[in-house]
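# Descriptive analysis of the structure
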Amino acid sequence: MKPFTYARAADTPEAVREASGPSHDFIAGGTNLLDLMKLEVMAPDKLVDINRLDLKQISETEDGGLRIGALVTNSDCAADDRIRRDYPVLSRAILAGASGQLRNKATTGGNLCQRTRCYYFYDTAMPCNKREPGSGCQAIGGATRLHAIFGASDQCIATYPGDMAVAMSALDASVEIEGKDGASRTVPVRDFHRLPGDRPDKDNVLEDGELITAVTLPAPTGGRQSYRKVRDRASYAFALVSVAADIGMEDGKISHAALAFGGVAHKPWHKPELDALLTGKEPSDALFAEAADLLLAEAQGQGGNNFKILLLRRTLRAVLREATQMGETA
Amino acid sequence: MTRHLVMDEPATKRVLDELPQSLTGKPMDRPDGPEKVTGTATYAHEWNLPGTVHGVLVRATVPKGKVTAIDKDAVMKLPGVLGVFNDERFLRNPAQGTANEAPIQGPDEIAYLGQPIALVVAETFEQARHGAHRLQMRYDVAADGVFDPEATNVPHERPEDDQLDQGDLDAAMKQAVSVVDQVYRTPGHNSAAMEPHCSIASWEGDKLTLRGSYQMLNYNINELADSLKIDAEDIRMLSPFVGGGFGSKLGISAEAVAAAIASRELGKPVVVALSRQQVFETVMRRSESRQHIRLAADADGKLIGLGHDSLVSNLPGEDFYEPVMQATHFIYTGENRRMNMEVARVNRICAGSVRAPGEAIGMVALENAMDELADISGIDPVELRKRNIPEMHPETGQGYSSRPFAEALDEGARRFGWDKRNAKPAQTRDGEWWIGMGMASAARVNMLKEAKARVTLNADGTATVETDMSDPGTGTYAILTQIAADMLGLPGDKVETVLGDSDLPKGSGSGGSFGASSSGSAVFLACQDIRTQLAQKMGMDEDDLKLDGGKAGDMALADALAGDAIVGNGHIEPGETSKDKRQATYGSYFAEVGVNAVTGETRVRRLTAVFGAGRILNEKTATSQCYGGCIWGIGMALHEELLFDTRDGHLVNHDLAEYHVPVNLDVPQIDVHLLEERDDWASPIQAKGIGELGLCGAAAAVTNAIYNATGVRVREYPVTLDKLLDQLPE
Ligand SMILES: Cc1cc2nc3c(=O)[nH]c(=O)nc-3n(C[C@H](O)[C@H](O)[C@H](O)COP(=O)(O)OP(=O)(O)OC[C@H]3O[C@@H](n4cnc5c(N)ncnc54)[C@H](O)[C@@H]3O)c2cc1C
Ligand code: SF4
């Protein structure tokens, strides 16, 4: 671990002030950051501890949604009565991730910012454009089981590994961000994470020193929600693919559809055309096949992850059948 | 005095069954349990010697070549750094189990990516780790590294003593009514013991004390001495608690030698612990394997031919290879046999013993093939196996010692409810899950090793057992206590067992499942020695000596001893019985799995296992060993796999986040049943080894159940969902 300086911020402006600088990082739960610092995959000069900030509440918003403070732990968020009642997809996604111990420490803001689990990113002996821009991408042509089928670039094929943000993407949540001099902005979760392009070192749209203060959920749609995570072992493993769904039904037709996918891209994958295709239609296997075709038209395997294409097709169908109450899948 | 027994004759007098007390076999709690759960058991890293400084190993980041320069100066300038070491005595890889001498040494010649090259020592662990990250090395990279054992450019060797060609297998295959001719592949595995390897070295003059986490001090001390070029008499090794070994702590490894060298130079105790990544990269792996199995059966399903050829790998210069066909030689009949071993020399992490080397993967492929034969021939898998139990060793003509194989198959089938299985695949659904049942046999060779122990019957009527034997979580403290307690007629809490100190009599070490029966026999003999001396002292015939409840006859032991302690020494050596009879342990596994019809995810729903391993010394610790073995089997079947990048031999999933051992949710309630058995040929206490038996075929029960659930036969382990997905039934 590289020696670093440490500052504990008392409030948001101080946190942002302290963190302005290129090699300054916030530390929340530390469950991802500390691992990476021990390996010197991340080696900030300065850590700004935000755990004393007053961002630990879940409160109701004026338009009937919820505002989740950036320091609400994953455990608290998943257990919140309102979330369990109105946003079960979020609760389930969180509980499908990590372990009880980790979720007790992990925070809403930290979870959004967790780094990829690409094997090569984690090993400083290997070239990796995300860790060391310009060094190359060792994953391409290597072990790619965890890697992306959508939106990869020739610079990086990594995935965003998390679960929580996939549910938030389906719910069309927004990220509240506070920057220098009190400047604040709100970014839809769907636009928060980036595709790698030629800047794989940038996971998301946060600029240096910008702090996530909250995630807001719009009023619940009243649809059926589900989160399905597929993985090698039964627990404590990242998603090979995951599907978050919020599907409303009216008069035998799909009245609302919002789907997001994890484990398949550098960001929670959301395709507005897919939601549009489903909306207003009567559920049927033919419709779901069409939806899968649309979703997977641009899928591109890397060798070791080719199976994700078929896996996603099958999982999507099962989730849609369940959400539209067509019954269980073959 | 010493009671010395060479096991040349079967021990038909079952002394432990004739004693008034029978604590042996009972599920006695571990005497070391309270210390472990209260955190007061001192593991290797926890000695806190005053003035200890910390060392962190630095690895090679290229797979083959030479180190041409190490920029020590830059790192020496970092805060707290005390030294950067790169000594010619550093180990290339750990010593193989029972090597008793140094492994290949010299850090400048790189044979694999991950090889320890240097050690950075600093005041604190964090400073040392940072220095290790910063240490720059220059290499002369060799272009001729080879990384894929099955590639054509890789040199293959055929070890002479592992080639068998008996009868005419090709003719048998033609003549047979049913045949199986298939290739199975298993990936590499890591032991993944909970406690990472760690050593603390400290010197007083020329005397070295090494506190480490090792399974076999009797060998390790010689390996360490040879590595350091010093006398074994000048070393004391302490290893009273070992947080799991599973083969990975059989031989001395890099951190011990590096710590000793740095400590000598710096004049301070040096502790070197491996990170989890280093455990994966520098400690022994189980070799991957390609296994070609041929079965030729007559109309009754009886084998007339059996072929099992294997390809495994290791680094150049290593003698060890995974003895894949070890149990295939004796478990099933068939006069025409061919078993050829090939070893590929690759630049991958050193291969060595990982729990049950050989059977762990060999039995799995064989039992998959037997399942295929059962399917083809229409004979029930349990029945098929029973029909193929040989009368005599099909190659040597030896007889077998106690062998409750058929009993284990029948008892397992009964407990599990095997009669409810539908033999036709892909017939049973539970909601979204395909349900299937599968079974497999278990077999593992049994070994007895030389071992010594000292038991002192103290003047106050308590007893102390002493040997350098280790307890890597297996229960050695418990079983040695139980044997001595029974032999001396004492309650368990009046016996203290002291282990893990190289100054004590040399036990067998823990490995190859031989620790319990070998060290247990040495303690048994030492107690016999005490009984003889005590009878003499009391002026009576030894046969009339009755020790029970802390009394000799009617007299309290302390009174009988009249102020004197009696020291007994025991010494066991293997002898003719291991040649006269094929000794092995047997069992059966029965698994029920669910395979998700949408995703291909497999989850084990039920597992029943029945084992016979001679006299069970402690039902609780033996059962725990079997649970552990079965859980390893689940991991092997479903997700454990060392993922090597074939471009540079780099192990990509070198941590527990991506090397997937089973977690709680992957493990159903396991029903382990131990058979009542005595094997007179195995040891004077009629016990055999049980530590490894639990996984010698377990994975095959799971994968055979996957076939029964889905009709899909996957022959490449682990059976991850991607291998099932496109073949799942509609
Ligand atoms: C073994 C293991 C398994 C796991 N499995 C899963 C899984 O299956 N699914 C899953 O989703 N996750 C999983 N996780 C990841 C876990 O969810 C994350 O580690 C956790 O959510 C990170 O939160 P944290 O508060 O600890 O973040 P930290 O480690 O403190 O920070 C992570 C990053 O976020 C930045 N950051 C933190 N808070 C803010 C903020 N308010 N504003 C701006 N930047 C901020 C930090 O600077 C840092 O770069 C796993 C982790 C481990 C170690
Ligand atoms: S995929 Fe991205 S994170 Fe992985 S090695 Fe390539 S650049 Fe690095």
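Residues numbered from 1 in each chain as written. Chains lettered and ligands numbered in written order. Predicted model: local features only at pLDDT ≥ 70, side-chain atom pairs only at ≥ 80, totals over all residues. Heavy atoms only, no water.

Counting its regular elements, chain A contains 12 helices and 11 strands. For 330 residues, the compact-globule estimate of 2.2 N^0.38 gives 20 Å, and chain A sits close to it at 20 Å. For chain A, the spread of C-alpha atoms along the principal axes amounts to about 60 × 50 × 35 Å. In chain A, of all internal contacts separated by at least 6 residues, the share reaching a separation of at least 24 is 62%. Total accessible area on chain A is roughly 12700 Å²; 46% of this is exposed by carbon and sulfur atoms. In chain A, the 39 positive side-chain charges and the 44 negative ones have mean positions that sit 5 Å from each other. (Helix = DSSP H or I, 4+ residues; strand = E, 2+ residues; numbered from the N terminus. Rg over C-alpha atoms; globule rule 2.2 N^0.38 Å. Contact = heavy atoms within 4.5 Å. Areas by Shrake-Rupley, 256 points an atom, 1.4 Å probe, with all protein chains shown as cover. Lys, Arg positive; Asp, Glu negative; His and termini not counted. Charge placed at Lys NZ, Arg CZ, Asp CG, Glu CD.)

Residues and elements named next belong to chain B. Residues of strand β25 (residues 495-498) alternate between two faces, with V495 and T497 buried on one and E496 and V498 left unburied on the opposite face. Alignment of strand β24 (residues 463-466) against β25, held across four bridges, turns out to be parallel. In the strand pairing of β25, T464 is matched with E496. (Buried < 20%, exposed > 50% of the residue type's maximum accessible area, 1.4 Å probe, protein only. Pairing = 2+ DSSP bridges.)

Turning next to the sheet that holds strand β11 (residues 253-262) of chain A. Residue and element names in this part refer to chain A. On the basis of which strands lie adjacent, the open sheet formed by three strands has the order β9-β10-β11 and antiparallel pairing. Because the sheet does not close on itself, it has two edges, and the strands there are β9 (224-230) and β11. In this sheet, neighbouring strand axes are inclined to one another by 15 degrees on average, regardless of whether the strands run parallel or antiparallel. Judged from the seven bridges that link them, β9 and strand β10 (residues 241-250) form a sheet pairing that is antiparallel. Each bridged residue has a counterpart across the sheet, and for Y227 the counterpart in β10 is A244. Most of the contacts of helix α5 (residues 88-95) go to β9, to which it runs at about 15 degrees, and overall it touches β9 and β10. (Axes fitted to C-alpha atoms, helices over the stretch in contact; angles between N-to-C directions.)

In this section: the domain arrangement of chain B. Residue and element names in this part refer to chain B. Here the domain parsing of chain B yields domain 1 (3-41 + 449-574), domain 2 (47-144 + 193-282) and domain 3 (365-445 + 580-727). If you average the C-alpha positions of domain 1 and of domain 2, the two centres end up 36 Å apart. Facing the 22 residues of domain 1 at the interface are 18 residues of domain 2. Interface area, domain 1 with domain 2, both sides summed: about 1400 Å², of which 53% is carbon and sulfur. (Domains from an automatic or database assignment. Buried area = accessible area lost by both parts, 1.4 Å probe.)

We now examine the interface of chain A and chain B. Each side of the interface is counted separately: chain A has 41 residues, and chain B has 44 residues. For the pairing of chain A and chain B, the buried interface totals around 3500 Å² over both sides, and the portion due to carbon and sulfur atoms is 53%. In terms of surface lost to chain B, no three residues of chain A exceed Y119, R233 and R314 of chain A, which account for 18% of the buried area on that side. At the boundary of chain A and chain B, one finds four salt bridges. With a shortest N-O distance of 2.7 Å, R228 of chain A and E432 of chain B are connected by a salt bridge. Taken together, the connections running from chain A to chain B amount to 20 residue pairs in polar contact (both at pLDDT 80 or more). Elements represented by at least two residues in the side of chain A that touches chain B include exactly β9 and α12 (307-323) of chain A. For the side of chain A that touches chain B, the element with the highest residue contribution is α12 of chain A, accounting for six residues. Residues that form the side of chain A that touches chain B fall into these classes: 21 nonpolar, seven polar and 13 charged. (Salt bridge = Lys/Arg side-chain N within 4 Å of Asp/Glu carboxyl O. Polar contact = N/O pair within 3.5 Å; in protein donor to acceptor, adjacent residues only side chain to side chain. Nonpolar A, V, L, I, M, F, W, Y, C, P; charged D, E, K, R; others polar.)

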